[in-house]
Amino acid sequence: MTWPFTKMHGAGNDFIVLDGVRSPIQMTAARARALADRHLGIGADQILLVEPATRPDADFRYRIFNADGSEVEHCGNGARCFVRFVHEQGLSSKNPLRAEIATGVIVLDATADGRVTVDMGLTCYEPAALPFDTTGLASRPEHADTLWELPLDEAATPGGPASVLLSLVAISNPHAVQVVDDVDTAPVGRVGPYIESHPRFAKRVNAGFMQVVDRHTIRLRVHERGAGETLACGTGACAAVAAGIRRGLLDSPVAVHTRGGVLDIALLGDSLRMTGPATTVFSGTVDVDALVASLPAQP
Ligand SMILES: N[C@@H](CCC[C@H](N)C(=O)O)C(=O)O
């Protein structure tokens, strides 16, 4: 099965984008893993699949698969690349576009300066929305936010703090955000995977580490569920800004400095708007089943 693909990135968060409109694509976890493999495949943080919409109020359906093969609810940087892909491939010239994601419809607007603005859709701060099991945990109110104190395993943080204070945000997908003094020295590589797979998060979680620079500027690193640390995470940037505003640390708009570039986030009423770049890198074709067959069997 040979598929045409386009390699894209949004602030360094990289994607393989597939056109499931002109010919249907059967994505499986094994195919997504093989495509995303950085040594044996094409390499990507996520696979994006553009399909015909299944509801009348959307132009297309937009599906997202993490590098580990799991299908997820949302991807902010990917949403910007989705718009650029649809326009460049001639699938539609409409702007703004309405894209169906797992939890509803998001609105995407390619702006005159070559960037894309995404209205990110529903945001929820209830632990049950992630879901996160709060049984027996200490909580602390901070302005409009509730912080949850998650004990850390000594093995995950040798010599580090015994617990971490998390803001919980669901932007269709789940995020746990903590404030750190300096993102460069934050233990993202050790604590990120620990939080991602903590049993209290039944569907795992994206773990954000936010350094507040001033009331309109943060630095951010995100250990993404199913992909590891990425150069930028769009939904993670929105979650961090929402949490920072609710904690009384930030005011909208906020410039989010990631390792791959800057994302601009504004909170308008209840709605988070993210603006940032979307870049096409190259196109090609791939024999996906030959790729799957060439990979070592999973244990
Ligand atoms: N890179 C993304 C988020 C992709 C999905 C995430 N890893 C999850 O599992 O929820 C973004 O830009 O938002």
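Residues numbered from 1 in each chain as written. Predicted model: local features only at pLDDT ≥ 70, side-chain atom pairs only at ≥ 80, totals over all residues. Heavy atoms only, no water.

The name an unreviewed UniProt entry gives the protein chain is Diaminopimelate epimerase, with Orrella dioscoreae as the organism. As recorded by UniProt, the Subunit (unreviewed entry) comment attached to the protein chain reads in full: "Homodimer." The record held by UniProt for the protein chain lists under Function (unreviewed entry) the comment "Catalyzes the stereoinversion of LL-2,6-diaminopimelate (L,L-DAP) to meso-diaminopimelate (meso-DAP), a precursor of L-lysine and an essential component of the bacterial peptidoglycan." (UniProt positions renumbered as here; feature names shortened; annotations may be inferred.)

**Q** Explain the UniProt feature "binding site: substrate" (unreviewed entry) in the protein chain here, please?
**A** Mapped onto this structure's residue numbering, the UniProt feature "binding site: substrate" (unreviewed entry) falls at Asn13, Gln46, Asn66, Gly76, Asn77, Asn173, Asn206, Glu224, Arg225, Gly234 and Thr235. Among the structural elements, Asn66 can be located in strand β4 (residues 60-66). Other than its neighbours up to four places away in sequence, Asn66 contacts Ala32, Asp45, Gln46, Val72, Arg225 and Gly226. Looking at where Asn77 falls in the secondary structure, it is placed in helix α2 (residues 76-88). Contact partners of Asn77, with chain neighbours within four places excluded, come to Gly10, Asn13, Phe15, Ala232, Cys233, Gly234, Leu263 and Met274. (Helix = DSSP H or I, 4+ residues; strand = E, 2+ residues; numbered from the N terminus. Contact = heavy atoms within 4.5 Å.)

**Q** For this particular structure, what's the right way to read the environment of Met120?
**A** Along the chain, the position of Met120 falls in the loop between β8 (116-119) and β9 (139-142). Counting along the chain gives 41 residues from Met120 to Ala79, while the straight-line C-alpha distance between them is 9.1 Å. Not counting chain neighbours up to four residues away, the residues in contact with Met120 comprise His74, Gly76, Ile106, Ile171, Gly234, Thr235, Cys238, Leu272 and Met274.

**Q** Would you explain the pairing of β9 in this entry?
**A** Two faces make up the sheet, and in a regular strand the side chains alternate between them. For β9 and strand β10 (residues 145-151), the ladder comprises four bridges, and the chain directions are antiparallel. Of the residues in β10, the one forming a bridge with Glu142 is Asp145. Counted between consecutive antiparallel strands, the loop separating β9 from β10 contains two residues, among which His143 sits at a positive phi close to 55 degrees. (Pairing = 2+ DSSP bridges.)

**Q** What am I meant to see in the domain arrangement of the protein chain here?
**A** When the parts of a complex come together, some accessible area is lost, and that lost area is often used as the size of the interface. In terms of domains, the protein chain is made up of domain 1 (1-118 + 276-292) and domain 2 (123-268). For domain 1 and domain 2, the distance between their C-alpha centres works out to 25 Å. Each side of the interface is counted separately: domain 1 has 22 residues, and domain 2 has 21 residues. Taken as a group, Ala11, Glu73 and His74 account for 33% of the area that domain 1 buries against domain 2, more than any other trio of residues on that side. Run the count over domain 1 and domain 2 and you get three salt bridges. Our count for the contact surface shared by domain 1 and domain 2 stands at 10 residue pairs in polar contact (both at pLDDT 80 or more). (Domains from an automatic or database assignment. Buried area = accessible area lost by both parts, 1.4 Å probe. Salt bridge = Lys/Arg side-chain N within 4 Å of Asp/Glu carboxyl O. Polar contact = N/O pair within 3.5 Å; in protein donor to acceptor, adjacent residues only side chain to side chain.)

**Q** Would you take a moment to explain the nonpolar core for this structure?
**A** Side chains of a nonpolar character, in soluble globular proteins, are inclined to be buried together. If you look at the biggest cluster of nonpolar residues, it comprises 51 residues, and the most contacted ones within it are Tyr62, Phe82, Leu108, Ile218, Val256 and Ile265. Considering every element that reaches this core, the biggest residue donor is helix α4 (residues 234-246), with seven residues. Domain assignment of the residues forming this core places at least three in each of domain 1 (1-118 + 276-292) and domain 2 (123-268). Aside from chain neighbours lying at most four places away, what touches Leu108 is Ala79, Phe82, Val83, Asn95, Pro96, Leu97, Ala99, Thr117 and Val118. Formed by 21 residues, the second largest nonpolar core is a distinct cluster that contains Phe132, Trp148, Leu152 and Phe201. (Core = buried A, V, L, I, M, F, W, Y, C linked by side-chain atoms within 4.5 Å. Buried < 20%, exposed > 50% of the residue type's maximum accessible area, 1.4 Å probe, protein only.)

**Q** Any chance you could explain unusual backbone geometry here in plain terms?
**A** Among all residues save glycine, negative phi is the norm, and among peptide bonds the norm is trans. Looking along the chain, the bond that leaves Asn95 and enters Pro96 is cis, with omega of -5 degrees. Structurally, Pro96 is set in the loop between α2 and β6 (97-101). A cis amide bond links Leu130 to the next residue, Pro131, at an omega of -5 degrees. In the Ramachandran plot, His143 falls in the positive-phi region, its phi being about 55 degrees despite a non-glycine side chain. Relative to the helices and strands, His143 resides in the loop between β9 and β10. Among the residues examined, His143 registers a relative accessible area of 65% and is labelled exposed. Despite not being glycine, Ser172 shows a phi value in the positive range, around 65 degrees. Inspection of the secondary structure puts Ser172 in the loop between β11 (163-171) and β12 (173-179).

**Q** Would you take a moment to explain the UniProt feature "active site" (unreviewed entry) in the protein chain for this structure?
**A** Mapped onto the present numbering, the UniProt feature "active site" (unreviewed entry) falls on Cys75 and Cys233. Taken along the chain, the residues just named run across 159 residues; in space they keep tight, none of their C-alpha pairs more than 7.8 Å apart. Residue placement: Cys75 occurs in the loop between β5 (71-72) and α2. Classification of Cys75 as buried rests on a relative accessible area of 6%. Aside from chain neighbours lying at most four places away, what touches Cys75 is Asn13, Phe15, Gln46, Tyr62, Ile64 and Thr235. Note on placement: Cys233 falls in the loop between β15 (228-230) and α4.

**Q** Explain the pairing of β4 here, please?
**A** The buried fraction of β4 is high, at six of seven residues. Note: strand β3 (residues 46-52) against β4, seven bridges, orientation antiparallel. By the bridge assignment for β4, Gln46 is matched with Asn66. Here β4 runs beside β6; their pairing, made up of two bridges, is parallel. By the bridge assignment, Arg61 is partnered in β6 with Glu100. For β4 and β5, the ladder comprises two bridges, and the chain directions are antiparallel. Bridge pairing in β5 places Ile64 opposite Val72. Counting the residues that bridge the hairpin from β4 to β5 gives four residues, and of these Gly69 lies at a positive phi of roughly 95 degrees.

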